[in-house]
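Now for the letters of each chain:
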Amino acid sequence: KEIVVSGIRSTGNLHLGNYFGALRNYVRMQEEFNCYFFVADWHALTTHPDTKELRNSVLNVVAENMAAGLDTEKVCLYLQSAVPEIAELYLYLNMMAYKGELEKTPTFKDKVRQQPDNVNAGLLTYPVLMTADIIIHRAKYVPVGKDQEQHLEIARNFAQRFNHRYGELFPEPVAFNYGEQLVKIPSLDGGGKMSKSENQFATLYLADEDDLIRKKVMKAKTDSGPTEPNSQMPDYIQNIFGLMRLVSEESTVQKFSEDFNSASIRYGDMKKQLAEDMVKFIAPIREKAKEIRSDEGRLKKVLQRGAERARESAAQTLQQTRELIGLNYF
Ligand code: TYM
């Protein structure tokens, strides 16, 4: 079976972007690939040095991964910090990663703007650690959302660079989605992508209670509607249709798109429908996650077993890495 790796940072509860960009694919991929999924708690430290909430975030993310349908008998689910082999591989990769190229990374530039008082070296080398995460298991496919595309390109460069310098060891990993394109879930306010740091009302979390989901959906940006048939659809309305396609019946989407084309659409009704379908989608995941989260004994066992399996695979790669570099002196 081909190898798959992906991770999610532990910086709070998961949202719809994480679900449709990543988790949904994890659940399908577990049936046909050898999957390693982890919580990127080291990466979280690059932006969240205050660790009061870390433990809670980590356990929430694990519970939400499982609630979304990950079967820990089929996949290896672990914490990044439980696999020190990743840190050693990161160290070797750092010797082949150049300051100039890292500084050019768009996500690094964004972070410099977002946290000018904490431009730490971990932020700069974020894609190096991410490469180590992936190639430590010699993964071929990496299910991620569109926002990670550039990081995957960098990972391919580093894998290739290692192979050229020391000998063939790592496949060049590619971003994966079951659709033809990587997913980008927009935020509800018509702005950029849905994210943990955006305006909280513009992000739907898997932990949101029903009324909060309704409230957020009803606040989503619309306007007074088209005045002529077959008008051009504004981005923020396309976004609402996009969300509807993910959680509503096809006939529902069809109906509202006909209403749009005949300029008779009522966005209030559309959002009410979307809100109810969203509640139906999120509520079972939320309740399942609560149940799983409440059993810390079970979570601990899952993570211990995950760490053992992940370390076994990682240790093999690291052994070969050391040999190829020439660190096996005797
Ligand atoms: P993170 O924690 O920001 O997000 C986790 C996953 O959710 C996807 N995602 C989205 N997809 C579509 N639309 C959105 N609005 C949206 N928001 C988030 C992300 O693309 C990601 O797949 N650097 C990674 C974590 C990471 C990693 C790795 C991933 C560390 N090491 C190795 C893969 C392989 C990140 O910050 O994801």
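Note that the structure is predicted; figures quoted are calculated from it, not measured.

1. Details of the pairing of strand 1 (residues 3-9)
Side-chain direction in a regular strand flips from residue to residue, so the side chains alternate between the two faces of the sheet. With 6 of its 7 residues buried, strand 1 lies for the most part within the structure. Two elements, strand 1 and strand 2 (residues 34-40), share 7 bridges in a ladder whose sense is parallel. Following the sheet pairing, Gly7 is matched in strand 2 by Phe38. Between the parallel pair strand 1 and strand 2, the chain is carried across by helix 1 (residues 16-29), and the sense of this crossover is right-handed.

2. A closer look at helix 10 (residues 210-219)
What sets the pattern is the α-helix's 3.6 residues per turn: residues three or four places apart point alike. Those residues of helix 10 not exposed but buried are Ile213, Lys216 and Val217. Projected down its long axis, helix 10 shows its buried positions confined to an angular sector of 95 degrees, all on one face. If you follow the buried residues of helix 10, they end up packed against helix 13 (267-293).

3. Comments concerning unusual backbone geometry
Residues other than glycine seldom take positive phi values, yet Asn230 does so here, at roughly 50 degrees. Along the chain, Asn230 turns up in the loop between helix 10 and helix 11 (235-247). With a phi angle near 60 degrees, Ala263 is a residue other than glycine that sits in the positive phi range. Relative to the assigned elements, Ala263 resides in the loop between helix 12 (250-261) and helix 13.

4. Points about the UniProt feature "binding site: L-tryptophan" (unreviewed entry) in the protein chain
UniProt's feature table lists "binding site: L-tryptophan" (unreviewed entry) at Asp133, given in the numbering used throughout. Tracing the chain through its elements places Asp133 in helix 8 (residues 126-135). Looking at Asp133, the number of C-beta atoms within 10 Å reads 27, which means it is buried. Asp133 has contacts with Val5, Gly7, Gln80 and Ile86, leaving out every residue within four places of it along the chain.

What counts and what doesn't
- Residues numbered from 1 in each chain as written.
- Predicted model: local features only at pLDDT ≥ 70, side-chain atom pairs only at ≥ 80, totals over all residues.
- Buried ≥ 20, exposed ≤ 12 C-beta atoms within 10 Å, placed from the backbone.
- Helix = DSSP H or I, 4+ residues; strand = E, 2+ residues; numbered from the N terminus.
- Pairing = 2+ DSSP bridges.
- Right-handed = clockwise from strand over helix to strand, strands pointing away.
- Arc of directions from axis to C-beta.
- Contact = placed C-beta atoms within 7 Å.
- UniProt positions renumbered as here; feature names shortened; annotations may be inferred.

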